[in-house]
Amino acid sequence: MTKTQHQETFIMNDQASELLEKIRQQFDFGPYPRIAVDKSPKDDANLLFIHNLVTPYYLRNQKIIDTEGKLILDAGCGTGYKSLTLAEANPGAKIVGIDISEESVKLARQRLKHHGIENAEFHVLSIYDLPNLGLEFDYINCDELLYLFPDISVGLAAMKSVLKPKGIIRSNLHSLLQRLNLFRAQELFKMMGLMDSNPEDMEIEIALETMKALKDGVYLKAQIWNSNYEGQDGKETVLMNYLFQGDKGYTVPDLFTALRASDLEFINMVYWRYWDLIDLFKDPDNLPAFWGMSLPELSMEERLHLYELLHPVHRLLDFWCAHPGEADSFTPVARWELSDWQAAKVHLHPQLRTPQVKEELLKCLAEQKPYEISRHVSVPVLTPVQIESSVATCLLPLWEGSKPFMSLVERWFKVRPLNPVTLEPVTEMEALDQVKQLLSKLEVFLYVLLERSA
(Lines give C-alpha, C1' and ligand atoms only; values in the text may rest on other atoms or scores of the structure.)
Protein backbone atom coordinates (compact mmCIF):
# COMPACT_ATOMS: atom_id res chain seq x y z
CA MET A 1 0.00 0.00 0.00
CA THR A 2 1.36 3.43 -0.95
CA LYS A 3 1.60 6.29 1.54
CA THR A 4 -1.33 8.03 -0.18
CA GLN A 5 -3.50 4.89 -0.04
CA HIS A 6 -2.62 4.42 3.62
CA GLN A 7 -3.68 8.01 4.36
CA GLU A 8 -6.97 7.54 2.46
CA THR A 9 -7.72 4.34 4.42
CA PHE A 10 -6.97 6.11 7.70
CA ILE A 11 -9.31 8.97 6.77
CA MET A 12 -12.08 6.52 5.76
CA ASN A 13 -11.72 4.55 9.02
CA ASP A 14 -11.74 7.80 11.00
CA GLN A 15 -14.92 8.94 9.22
CA ALA A 16 -16.55 5.55 9.86
CA SER A 17 -15.65 5.76 13.55
CA GLU A 18 -17.08 9.28 13.77
CA LEU A 19 -20.32 8.16 12.11
CA LEU A 20 -20.54 5.11 14.41
CA GLU A 21 -20.24 7.39 17.43
CA LYS A 22 -22.99 9.68 16.10
CA ILE A 23 -25.27 6.69 15.57
CA ARG A 24 -24.50 5.35 19.06
CA GLN A 25 -25.34 8.74 20.59
CA GLN A 26 -28.57 8.94 18.61
CA PHE A 27 -29.79 5.59 19.90
CA ASP A 28 -28.66 6.31 23.46
CA PHE A 29 -30.78 9.48 23.26
CA GLY A 30 -33.72 7.75 21.59
CA PRO A 31 -33.59 3.94 22.10
CA TYR A 32 -35.47 2.17 19.32
CA PRO A 33 -38.03 0.77 18.93
CA ARG A 34 -40.04 2.55 21.62
CA ILE A 35 -42.36 -0.35 22.34
CA ALA A 36 -43.69 -0.88 25.87
CA VAL A 37 -41.75 -3.54 27.78
CA ASP A 38 -44.92 -5.50 28.59
CA LYS A 39 -46.07 -5.70 24.96
CA SER A 40 -45.88 -9.27 23.64
CA PRO A 41 -45.62 -10.48 20.03
CA LYS A 42 -47.29 -13.81 20.89
CA ASP A 43 -50.50 -12.96 19.09
CA ASP A 44 -48.82 -11.41 16.03
CA ALA A 45 -48.77 -14.49 13.80
CA ASN A 46 -47.42 -12.56 10.81
CA LEU A 47 -44.42 -11.27 12.77
CA LEU A 48 -43.71 -14.74 14.18
CA PHE A 49 -44.07 -16.31 10.71
CA ILE A 50 -41.34 -14.01 9.30
CA HIS A 51 -39.00 -14.51 12.27
CA ASN A 52 -39.39 -18.28 12.48
CA LEU A 53 -36.26 -20.00 11.14
CA VAL A 54 -38.54 -22.67 9.65
CA THR A 55 -39.77 -20.19 7.02
CA PRO A 56 -36.49 -19.29 5.22
CA TYR A 57 -35.00 -22.73 5.84
CA TYR A 58 -37.87 -24.37 3.98
CA LEU A 59 -37.70 -21.83 1.15
CA ARG A 60 -34.03 -22.66 0.67
CA ASN A 61 -33.99 -26.42 1.29
CA GLN A 62 -37.60 -27.70 1.13
CA LYS A 63 -36.93 -29.28 4.51
CA ILE A 64 -38.13 -28.68 8.06
CA ILE A 65 -35.72 -27.55 10.77
CA ASP A 66 -36.20 -28.01 14.51
CA THR A 67 -35.44 -24.75 16.36
CA GLU A 68 -34.62 -26.55 19.62
CA GLY A 69 -31.00 -25.81 20.59
CA LYS A 70 -30.38 -23.41 17.70
CA LEU A 71 -28.28 -20.27 18.27
CA ILE A 72 -29.82 -17.06 16.95
CA LEU A 73 -28.17 -13.64 16.78
CA ASP A 74 -30.14 -10.40 16.84
CA ALA A 75 -27.58 -7.99 15.40
CA GLY A 76 -28.50 -4.41 16.25
CA CYS A 77 -31.09 -5.63 18.75
CA GLY A 78 -32.08 -2.15 19.93
CA THR A 79 -34.55 -2.33 22.80
CA GLY A 80 -35.08 -6.05 22.21
CA TYR A 81 -38.58 -6.35 20.76
CA LYS A 82 -37.31 -8.37 17.79
CA SER A 83 -35.16 -10.44 20.18
CA LEU A 84 -38.33 -11.28 22.09
CA THR A 85 -40.07 -12.08 18.80
CA LEU A 86 -37.23 -14.40 17.78
CA ALA A 87 -37.48 -16.18 21.13
CA GLU A 88 -41.26 -16.64 20.79
CA ALA A 89 -41.03 -17.73 17.14
CA ASN A 90 -38.22 -20.26 17.69
CA PRO A 91 -38.98 -22.42 20.75
CA GLY A 92 -35.88 -23.86 22.40
CA ALA A 93 -33.44 -21.53 20.64
CA LYS A 94 -30.92 -19.36 22.47
CA ILE A 95 -31.02 -15.65 21.60
CA VAL A 96 -27.89 -13.48 21.59
CA GLY A 97 -28.41 -9.75 21.09
CA ILE A 98 -25.79 -7.11 20.33
CA ASP A 99 -26.04 -3.35 19.95
CA ILE A 100 -23.67 -0.39 20.21
CA SER A 101 -26.17 1.55 22.36
CA GLU A 102 -25.78 0.73 26.04
CA GLU A 103 -29.16 2.30 26.84
CA SER A 104 -30.86 0.09 24.25
CA VAL A 105 -29.18 -3.06 25.56
CA LYS A 106 -30.35 -2.25 29.11
CA LEU A 107 -33.93 -2.08 27.86
CA ALA A 108 -33.52 -5.31 25.86
CA ARG A 109 -32.38 -7.17 28.98
CA GLN A 110 -35.32 -5.79 30.94
CA ARG A 111 -37.76 -6.76 28.20
CA LEU A 112 -36.78 -10.41 27.95
CA LYS A 113 -36.54 -10.76 31.73
CA HIS A 114 -40.06 -9.30 32.04
CA HIS A 115 -41.39 -11.95 29.63
CA GLY A 116 -39.59 -14.80 31.38
CA ILE A 117 -37.13 -15.52 28.56
CA GLU A 118 -34.08 -16.95 30.32
CA ASN A 119 -32.17 -18.41 27.37
CA ALA A 120 -30.91 -15.04 26.13
CA GLU A 121 -27.90 -12.78 26.59
CA PHE A 122 -27.03 -9.27 25.40
CA HIS A 123 -23.75 -7.49 24.71
CA VAL A 124 -22.79 -3.89 23.98
CA LEU A 125 -20.91 -4.72 20.81
CA SER A 126 -20.46 -3.62 17.21
CA ILE A 127 -21.07 -6.02 14.33
CA TYR A 128 -17.43 -5.41 13.38
CA ASP A 129 -16.44 -7.14 16.64
CA LEU A 130 -18.72 -10.19 16.29
CA PRO A 131 -15.82 -12.69 16.14
CA ASN A 132 -14.94 -11.65 19.71
CA LEU A 133 -18.00 -13.57 20.94
CA GLY A 134 -16.46 -16.87 19.81
CA LEU A 135 -19.85 -18.14 18.62
CA GLU A 136 -21.33 -19.44 15.36
CA PHE A 137 -25.00 -18.89 14.62
CA ASP A 138 -27.75 -20.87 12.90
CA TYR A 139 -29.68 -17.68 12.13
CA ILE A 140 -28.78 -13.99 12.16
CA ASN A 141 -31.43 -11.30 12.23
CA CYS A 142 -30.06 -7.87 11.29
CA ASP A 143 -33.10 -5.63 11.10
CA GLU A 144 -33.05 -1.91 10.27
CA LEU A 145 -29.27 -1.62 10.65
CA LEU A 146 -27.30 -2.60 7.55
CA TYR A 147 -28.19 0.59 5.65
CA LEU A 148 -26.27 2.59 8.30
CA PHE A 149 -22.96 0.96 7.36
CA PRO A 150 -20.53 3.02 5.23
CA ASP A 151 -19.97 -0.20 3.25
CA ILE A 152 -22.79 -2.73 3.48
CA SER A 153 -20.64 -5.56 2.10
CA VAL A 154 -18.35 -5.17 5.14
CA GLY A 155 -21.33 -5.58 7.47
CA LEU A 156 -22.52 -8.64 5.54
CA ALA A 157 -19.04 -10.16 5.59
CA ALA A 158 -18.81 -9.64 9.37
CA MET A 159 -22.05 -11.57 9.86
CA LYS A 160 -21.00 -14.25 7.41
CA SER A 161 -17.81 -14.82 9.44
CA VAL A 162 -19.90 -16.08 12.40
CA LEU A 163 -22.58 -17.92 10.39
CA LYS A 164 -22.71 -21.73 10.42
CA PRO A 165 -22.39 -23.43 7.01
CA LYS A 166 -26.16 -24.06 6.81
CA GLY A 167 -27.01 -20.81 8.58
CA ILE A 168 -29.21 -18.04 7.21
CA ILE A 169 -29.00 -14.24 7.47
CA ARG A 170 -32.01 -11.96 7.33
CA SER A 171 -31.27 -8.28 6.75
CA ASN A 172 -32.63 -5.24 4.94
CA LEU A 173 -31.72 -1.98 3.25
CA HIS A 174 -33.66 1.22 2.89
CA SER A 175 -35.04 1.58 -0.62
CA LEU A 176 -33.51 4.54 -2.44
CA LEU A 177 -36.53 4.88 -4.73
CA GLN A 178 -39.22 4.57 -2.06
CA ARG A 179 -37.54 6.94 0.46
CA LEU A 180 -36.17 9.45 -2.04
CA ASN A 181 -38.12 12.38 -0.58
CA LEU A 182 -36.95 11.57 2.95
CA PHE A 183 -33.33 11.57 1.79
CA ARG A 184 -33.96 15.01 0.33
CA ALA A 185 -35.30 16.12 3.72
CA GLN A 186 -32.19 14.76 5.43
CA GLU A 187 -30.01 16.73 3.03
CA LEU A 188 -32.04 19.86 3.80
CA PHE A 189 -31.60 19.47 7.55
CA LYS A 190 -27.89 18.73 7.13
CA MET A 191 -27.54 22.04 5.30
CA MET A 192 -29.35 23.69 8.24
CA GLY A 193 -26.75 22.19 10.62
CA LEU A 194 -29.27 20.05 12.51
CA MET A 195 -27.20 16.89 12.04
CA ASP A 196 -23.74 18.29 12.77
CA SER A 197 -23.91 16.61 16.16
CA ASN A 198 -26.43 14.24 17.65
CA PRO A 199 -29.97 15.57 16.98
CA GLU A 200 -31.99 15.93 20.17
CA ASP A 201 -35.11 17.80 21.25
CA MET A 202 -34.01 21.20 19.96
CA GLU A 203 -33.10 19.89 16.49
CA ILE A 204 -36.35 17.90 16.32
CA GLU A 205 -38.33 21.02 17.19
CA ILE A 206 -36.56 23.10 14.51
CA ALA A 207 -37.32 20.43 11.91
CA LEU A 208 -40.98 20.36 12.98
CA GLU A 209 -41.23 24.16 12.89
CA THR A 210 -39.73 24.21 9.40
CA MET A 211 -42.21 21.69 8.00
CA LYS A 212 -45.20 23.37 9.66
CA ALA A 213 -44.15 26.79 8.34
CA LEU A 214 -43.99 25.65 4.71
CA LYS A 215 -47.02 26.09 2.45
CA ASP A 216 -49.00 22.90 2.01
CA GLY A 217 -48.32 22.94 -1.74
CA VAL A 218 -44.55 22.81 -1.31
CA TYR A 219 -43.56 19.49 -2.88
CA LEU A 220 -41.39 18.17 -0.04
CA LYS A 221 -44.03 18.91 2.57
CA ALA A 222 -46.76 17.38 0.44
CA GLN A 223 -44.74 14.17 0.12
CA ILE A 224 -43.44 13.57 3.64
CA TRP A 225 -45.34 15.69 6.18
CA ASN A 226 -48.03 14.45 8.55
CA SER A 227 -49.58 16.66 11.22
CA ASN A 228 -49.49 13.69 13.63
CA TYR A 229 -45.73 14.20 13.86
CA GLU A 230 -46.39 17.20 16.13
CA GLY A 231 -47.30 14.93 19.06
CA GLN A 232 -44.87 13.25 21.44
CA ASP A 233 -45.01 9.95 19.54
CA GLY A 234 -44.22 11.79 16.31
CA LYS A 235 -40.82 12.89 17.59
CA GLU A 236 -39.47 9.36 17.15
CA THR A 237 -40.70 9.35 13.55
CA VAL A 238 -38.99 12.69 12.89
CA LEU A 239 -35.75 11.49 14.46
CA MET A 240 -35.74 8.17 12.57
CA ASN A 241 -36.61 9.73 9.21
CA TYR A 242 -35.82 13.45 8.91
CA LEU A 243 -32.74 13.44 11.18
CA PHE A 244 -31.49 9.86 10.91
CA GLN A 245 -27.69 9.77 11.14
CA GLY A 246 -26.01 7.57 8.54
CA ASP A 247 -29.22 6.73 6.69
CA LYS A 248 -28.75 5.76 3.04
CA GLY A 249 -30.84 4.26 0.27
CA TYR A 250 -30.11 1.35 -2.05
CA THR A 251 -31.52 -0.34 -5.13
CA VAL A 252 -31.88 -4.04 -5.92
CA PRO A 253 -28.68 -3.99 -8.05
CA ASP A 254 -26.86 -2.41 -5.07
CA LEU A 255 -28.07 -5.27 -2.89
CA PHE A 256 -26.92 -7.99 -5.27
CA THR A 257 -23.57 -6.25 -5.80
CA ALA A 258 -23.00 -6.27 -2.02
CA LEU A 259 -23.96 -9.94 -1.78
CA ARG A 260 -21.46 -10.83 -4.49
CA ALA A 261 -18.75 -8.72 -2.83
CA SER A 262 -19.26 -10.54 0.47
CA ASP A 263 -19.66 -13.96 -1.23
CA LEU A 264 -23.20 -14.57 -0.03
CA GLU A 265 -26.06 -16.24 -1.90
CA PHE A 266 -29.47 -14.61 -2.23
CA ILE A 267 -32.32 -16.83 -1.01
CA ASN A 268 -35.43 -14.69 -1.41
CA MET A 269 -37.11 -11.50 -0.34
CA VAL A 270 -38.63 -11.83 3.12
CA TYR A 271 -42.03 -10.70 1.82
CA TRP A 272 -41.50 -12.61 -1.41
CA ARG A 273 -45.15 -12.69 -2.45
CA TYR A 274 -45.19 -8.87 -2.58
CA TRP A 275 -42.36 -8.76 -5.11
CA ASP A 276 -43.97 -10.74 -7.94
CA LEU A 277 -43.57 -8.77 -11.16
CA ILE A 278 -46.53 -10.57 -12.77
CA ASP A 279 -48.88 -9.15 -10.14
CA LEU A 280 -48.32 -5.63 -11.50
CA PHE A 281 -50.16 -6.42 -14.74
CA LYS A 282 -53.94 -6.19 -15.18
CA ASP A 283 -54.14 -9.53 -16.95
CA PRO A 284 -51.21 -11.79 -15.98
CA ASP A 285 -52.41 -14.45 -18.44
CA ASN A 286 -52.36 -12.03 -21.35
CA LEU A 287 -49.14 -10.04 -21.08
CA PRO A 288 -47.89 -7.69 -23.81
CA ALA A 289 -45.78 -9.68 -26.29
CA PHE A 290 -42.49 -8.16 -25.14
CA TRP A 291 -43.12 -9.08 -21.51
CA GLY A 292 -44.51 -12.50 -22.30
CA MET A 293 -41.32 -13.40 -24.18
CA SER A 294 -38.85 -11.65 -21.85
CA LEU A 295 -40.00 -12.57 -18.36
CA PRO A 296 -39.12 -16.29 -18.46
CA GLU A 297 -35.54 -15.37 -19.39
CA LEU A 298 -34.98 -12.84 -16.59
CA SER A 299 -32.83 -13.53 -13.55
CA MET A 300 -34.22 -13.01 -10.05
CA GLU A 301 -32.15 -9.82 -9.72
CA GLU A 302 -33.57 -8.44 -12.97
CA ARG A 303 -37.16 -9.28 -12.01
CA LEU A 304 -36.83 -7.61 -8.62
CA HIS A 305 -35.17 -4.54 -10.11
CA LEU A 306 -37.93 -4.16 -12.70
CA TYR A 307 -40.47 -4.42 -9.90
CA GLU A 308 -38.88 -1.59 -7.91
CA LEU A 309 -38.63 0.60 -11.02
CA LEU A 310 -42.29 0.07 -11.82
CA HIS A 311 -43.70 0.06 -8.29
CA PRO A 312 -41.33 1.31 -5.54
CA VAL A 313 -43.74 0.89 -2.63
CA HIS A 314 -41.54 -1.13 -0.27
CA ARG A 315 -39.61 0.92 2.27
CA LEU A 316 -37.22 -1.96 2.83
CA LEU A 317 -35.33 -4.30 0.53
CA ASP A 318 -35.84 -7.09 3.06
CA PHE A 319 -33.98 -10.29 2.14
CA TRP A 320 -32.58 -13.64 3.26
CA CYS A 321 -29.11 -14.81 2.23
CA ALA A 322 -26.63 -17.55 3.15
CA HIS A 323 -23.29 -19.19 2.38
CA PRO A 324 -23.14 -20.08 -1.34
CA GLY A 325 -23.45 -23.70 -2.41
CA GLU A 326 -24.82 -24.96 0.92
CA ALA A 327 -28.49 -25.33 -0.06
CA ASP A 328 -29.96 -28.80 -0.43
CA SER A 329 -31.01 -29.57 -3.98
CA PHE A 330 -34.72 -30.28 -4.38
CA THR A 331 -37.47 -30.63 -6.95
CA PRO A 332 -40.17 -27.90 -6.67
CA VAL A 333 -43.54 -29.29 -5.62
CA ALA A 334 -45.06 -28.17 -8.93
CA ARG A 335 -42.81 -30.72 -10.69
CA TRP A 336 -43.34 -33.69 -8.34
CA GLU A 337 -44.15 -37.08 -9.80
CA LEU A 338 -46.91 -39.29 -8.38
CA SER A 339 -44.31 -41.33 -6.51
CA ASP A 340 -42.99 -38.17 -4.82
CA TRP A 341 -46.43 -37.37 -3.49
CA GLN A 342 -47.10 -40.91 -2.32
CA ALA A 343 -43.92 -40.91 -0.22
CA ALA A 344 -44.17 -37.29 1.00
CA LYS A 345 -44.53 -36.05 4.56
CA VAL A 346 -46.83 -33.09 5.31
CA HIS A 347 -46.23 -30.47 8.02
CA LEU A 348 -48.33 -27.55 9.14
CA HIS A 349 -46.34 -24.33 9.51
CA PRO A 350 -45.58 -23.84 13.24
CA GLN A 351 -47.39 -20.47 13.30
CA LEU A 352 -50.62 -22.23 12.36
CA ARG A 353 -50.26 -25.07 14.85
CA THR A 354 -52.04 -23.22 17.64
CA PRO A 355 -55.19 -24.11 19.61
CA GLN A 356 -56.88 -20.93 18.39
CA VAL A 357 -56.41 -21.79 14.71
CA LYS A 358 -57.56 -25.36 15.27
CA GLU A 359 -60.64 -24.15 17.16
CA GLU A 360 -61.65 -21.93 14.26
CA LEU A 361 -61.18 -24.77 11.78
CA LEU A 362 -63.38 -27.04 13.92
CA LYS A 363 -66.05 -24.33 14.04
CA CYS A 364 -66.04 -24.00 10.24
CA LEU A 365 -66.26 -27.77 9.86
CA ALA A 366 -69.20 -27.96 12.28
CA GLU A 367 -71.04 -25.16 10.47
CA GLN A 368 -69.95 -26.43 7.02
CA LYS A 369 -68.54 -23.03 6.15
CA PRO A 370 -65.44 -22.30 4.04
CA TYR A 371 -62.29 -22.03 6.14
CA GLU A 372 -60.24 -18.85 5.53
CA ILE A 373 -56.77 -20.02 6.49
CA SER A 374 -55.16 -16.71 5.49
CA ARG A 375 -56.89 -14.92 8.38
CA HIS A 376 -54.23 -16.27 10.73
CA VAL A 377 -51.12 -15.62 8.65
CA SER A 378 -51.75 -13.08 5.90
CA VAL A 379 -48.12 -12.20 5.05
CA PRO A 380 -47.72 -14.56 2.06
CA VAL A 381 -51.04 -13.77 0.36
CA LEU A 382 -52.43 -10.96 -1.77
CA THR A 383 -56.07 -12.07 -1.55
CA PRO A 384 -57.88 -14.27 1.02
CA VAL A 385 -57.25 -18.03 0.79
CA GLN A 386 -60.32 -20.13 1.52
CA ILE A 387 -60.77 -23.89 1.69
CA GLU A 388 -64.04 -25.74 1.29
CA SER A 389 -64.95 -27.24 4.67
CA SER A 390 -65.30 -30.81 3.37
CA VAL A 391 -61.76 -30.62 1.97
CA ALA A 392 -60.29 -28.78 4.96
CA THR A 393 -61.17 -31.71 7.22
CA CYS A 394 -58.20 -33.67 5.90
CA LEU A 395 -55.88 -31.03 7.45
CA LEU A 396 -57.09 -31.67 11.00
CA PRO A 397 -54.53 -34.40 11.86
CA LEU A 398 -51.69 -31.93 11.14
CA TRP A 399 -52.36 -30.20 14.48
CA GLU A 400 -51.11 -33.41 16.12
CA GLY A 401 -47.87 -33.35 14.10
CA SER A 402 -46.54 -34.16 10.64
CA LYS A 403 -48.38 -36.85 8.69
CA PRO A 404 -47.69 -39.02 5.62
CA PHE A 405 -49.42 -37.65 2.55
CA MET A 406 -51.27 -40.92 1.98
CA SER A 407 -52.80 -40.85 5.47
CA LEU A 408 -54.44 -37.52 4.58
CA VAL A 409 -55.71 -39.07 1.35
CA GLU A 410 -57.25 -41.94 3.35
CA ARG A 411 -58.96 -39.45 5.65
CA TRP A 412 -60.38 -37.48 2.74
CA PHE A 413 -61.53 -40.76 1.16
CA LYS A 414 -63.61 -41.51 4.28
CA VAL A 415 -65.11 -38.02 4.45
CA ARG A 416 -66.09 -37.87 0.77
CA PRO A 417 -66.55 -41.46 -0.43
CA LEU A 418 -69.01 -40.40 -3.14
CA ASN A 419 -68.66 -37.97 -6.01
CA PRO A 420 -71.13 -35.15 -5.11
CA VAL A 421 -72.22 -34.81 -8.77
CA THR A 422 -72.50 -38.42 -10.00
CA LEU A 423 -72.90 -40.10 -6.57
CA GLU A 424 -70.50 -42.74 -7.84
CA PRO A 425 -67.81 -44.06 -5.44
CA VAL A 426 -64.68 -41.92 -5.52
CA THR A 427 -61.55 -43.70 -6.71
CA GLU A 428 -58.30 -43.59 -4.79
CA MET A 429 -56.69 -41.59 -7.60
CA GLU A 430 -59.50 -39.02 -7.48
CA ALA A 431 -59.05 -38.64 -3.72
CA LEU A 432 -55.28 -38.39 -4.12
CA ASP A 433 -55.67 -35.71 -6.78
CA GLN A 434 -58.02 -33.64 -4.60
CA VAL A 435 -55.62 -33.68 -1.63
CA LYS A 436 -52.67 -33.00 -3.93
CA GLN A 437 -54.42 -29.91 -5.33
CA LEU A 438 -55.23 -28.64 -1.84
CA LEU A 439 -51.68 -29.08 -0.51
CA SER A 440 -50.10 -27.63 -3.66
CA LYS A 441 -52.25 -24.52 -3.21
CA LEU A 442 -51.30 -24.15 0.47
CA GLU A 443 -47.61 -24.90 -0.02
CA VAL A 444 -47.21 -21.83 -2.23
CA PHE A 445 -47.95 -19.73 0.87
CA LEU A 446 -46.01 -22.07 3.21
CA TYR A 447 -49.17 -22.84 5.17
CA VAL A 448 -48.18 -26.47 4.70
CA LEU A 449 -44.63 -27.65 4.20
CA LEU A 450 -43.95 -30.74 2.09
CA GLU A 451 -40.90 -33.00 2.35
CA ARG A 452 -40.02 -35.62 -0.21
CA SER A 453 -38.90 -38.98 1.09
CA ALA A 454 -35.11 -39.37 0.87
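Residues numbered from 1 in each chain as written. Predicted model: local features only at pLDDT ≥ 70, side-chain atom pairs only at ≥ 80, totals over all residues. Heavy atoms only, no water.

1. Focus on helix H7 (residues 180–191)
Taking 1.5 Å of rise per residue, the twelve residues of H7 would be expected to cover 16 Å, and the 17 Å separating its terminal C-alpha atoms lies within 8% of that figure. All of the buried residues along H7 are Asn 181, Leu 182, Phe 183, Ala 185, Gln 186 and Phe 189. In this fold, the buried residues of H7 make contact with strand E5 (163–174), helix H8 (201–213), helix H9 (219–224) and helix H10 (232–241). Directly beyond the C-terminal end of H7, a positive phi value near 80° is found at Gly 193. (Helix = DSSP H or I, 4+ residues; strand = E, 2+ residues; numbered from the N terminus. Expected span 1.5 Å × (residues − 1). Buried < 20%, exposed > 50% of the residue type's maximum accessible area, 1.4 Å probe, protein only. Contact = heavy atoms within 4.5 Å.)

2. What to know about the sheet that holds strand E11 (residues 403–404)
In any sheet, the strands associate via hydrogen bonds between backbone groups, in a parallel or an antiparallel arrangement. Within the open sheet, the three strands sit side by side as E11-E8-E12. Their pairing is antiparallel. The outermost strands of the open sheet, each flanked by one partner alone, are E11 and strand E12 (448–451). Relative to E12, strand E8 (residues 345–348) is paired through four bridges, and the arrangement is antiparallel. Bridging from a neighbouring strand, Leu 348 pairs with Val 448 of E12. Set on the sheet, helix H18 (residues 428–443) makes contact with E8 and E12; between it and E12 the angle comes to about 110°. (Pairing = 2+ DSSP bridges. Axes fitted to C-alpha atoms, helices over the stretch in contact; angles between N-to-C directions.)

3. As for the packing of aromatic side chains
Applying the stated criterion across every chain yields a total of 14 aromatic pairs. Arranged with centres 6.5 Å apart and planes meeting at 25°, the rings of Phe 49 and Trp 272 form a pair that is stacked. Here Phe 49 is found in helix H2 (residues 45–51), whereas its partner Trp 272 is found in the loop between strand E6 (265–269) and helix H12 (289–294), with 223 residues between them in sequence. Given the relative accessible area of 1%, Phe 49 is considered buried. Each ring, one from Phe 256 and one from Phe 266, has its centre 4.8 Å from the other, and the planes form 45°; the classification is tilted. Taken together, the residues span a long stretch of sequence, with Phe 256 in helix H11 (residues 252–261) and Phe 266 in strand E6 at a distance of ten residues. Residue Phe 256 shares its accessibility class with Phe 266, and that shared class is buried. (Phe/Tyr/Trp six-rings, centres within 6.5 Å; stacked < 30°, edge-to-face > 60°.)

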